[in-house]
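Chain residues, written in single-letter form:
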Amino acid sequence: MADPNLPGQPQQGQPPAYGQPDPAYGQPQPQPGYAAQQTTVVAAPQPMMMTTVITKTQPSSHLGLAIFSMLCCFLPTGIVAVVFAAMVDGAWQNGEEDKAHNYSKNAKCWSIASIVLGVVSIVLVIVIVVVYFVVIVASVATVVGNALDNIDLNLDATTTVP
């Protein structure tokens, strides 16, 4: 058996160890000399109130897309997109929510237009370069072929003796 006087040994009548709640915690304790009383709590249902919270979020400025479209795709419409994107934050901070949403939409539309025009112009340039070189190569081949035919004719004319 364990000696109850040794330190570290649980002793009878002491509170439970640290971290273990007292089973009677939160319960009404009877006072000495009085009988235990029972307490009854009646909770009445509360009326439900519906609250609608409207939060307004700042529209995206699409500034990254506008800068990309300006630098990589088509400069003129990209500049317009950057200008509209820069105007979004100022309109929002001034409380002009409709203008901010309108500027955001315009920045996105101009950015997309810039990307489309950039892609179309790049494809068009590639087609023109390919056609140009095909025509040049065909022309050079024709000129060289005609020159070689003329050289052969001249050689044939000089080698014939009457």
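Everything numeric in this text was worked out from a predicted model, so none of it was measured.

Residue placement: Ser114 occurs in helix H3 (residues 97-159). A polar contact is formed between the side chain of Ser114 and the backbone oxygen of Phe74, at a distance of 2.8 Å. A distance of 3.3 Å separates the side chain of Ser114 from the side chain of Thr77, its partner in a polar contact. Beyond its immediate chain neighbours, meaning those up to four positions away, Ser114 contacts Ser69, Met70, Cys73, Phe74, Thr77 and Gly78.

Attention now moves to the packing of aromatic side chains. Enumeration according to the criterion identifies two aromatic pairs in this entry. Pairing Phe84 with Tyr103 gives two aromatic rings, centres 6.1 Å apart and planes at 40°, and the pair type is tilted. With Phe84 in helix H2 (residues 75-93) and Tyr103 in helix H3, this pair connects stretches of sequence that are 19 residues apart. Tyr103 matches Phe84 in its accessibility class, with the two residues each being buried. Relative to Phe133, the ring of Tyr132 lies with its centre 5.7 Å away and its plane at 75°, an arrangement referred to as edge-to-face.

Right, let's talk about the side chain of Ser104 for a bit. By the secondary structure assignment, Ser104 is in helix H3. Judged by its relative accessible area of 7%, Ser104 falls in the buried class. In this structure, Ser104 is in contact with Pro59, Ser60, His62 and Val88, ignoring residues within four places of it in sequence.

Among the surface-exposed residues, Val125, Val129, Tyr132, Phe133, Ile136, Val140, Val144, Leu148 and Ile151 lie close enough to one another that they form a single nonpolar patch of about 810 Å² accessible area. Its location among the elements puts Val129 in helix H3.

What counts, and where the lines are drawn
- Residues numbered from 1 in each chain as written.
- Predicted model: local features only at pLDDT ≥ 70, side-chain atom pairs only at ≥ 80, totals over all residues.
- Heavy atoms only, no water.
- Helix = DSSP H or I, 4+ residues; strand = E, 2+ residues; numbered from the N terminus.
- Polar contact = N/O pair within 3.5 Å; in protein donor to acceptor, adjacent residues only side chain to side chain.
- Contact = heavy atoms within 4.5 Å.
- Phe/Tyr/Trp six-rings, centres within 6.5 Å; stacked < 30°, edge-to-face > 60°.
- Buried < 20%, exposed > 50% of the residue type's maximum accessible area, 1.4 Å probe, protein only.
- Patch = residues over 30% accessible without salt bridge, like charges linked within 9 Å, V, L, I, M, F, W, Y side chains within 5 Å.
- Areas by Shrake-Rupley, 256 points an atom, 1.4 Å probe, with all protein chains shown as cover.
- Salt bridge = Lys/Arg side-chain N within 4 Å of Asp/Glu carboxyl O.

Without other data, these values stay purely geometric and don't point to any function.
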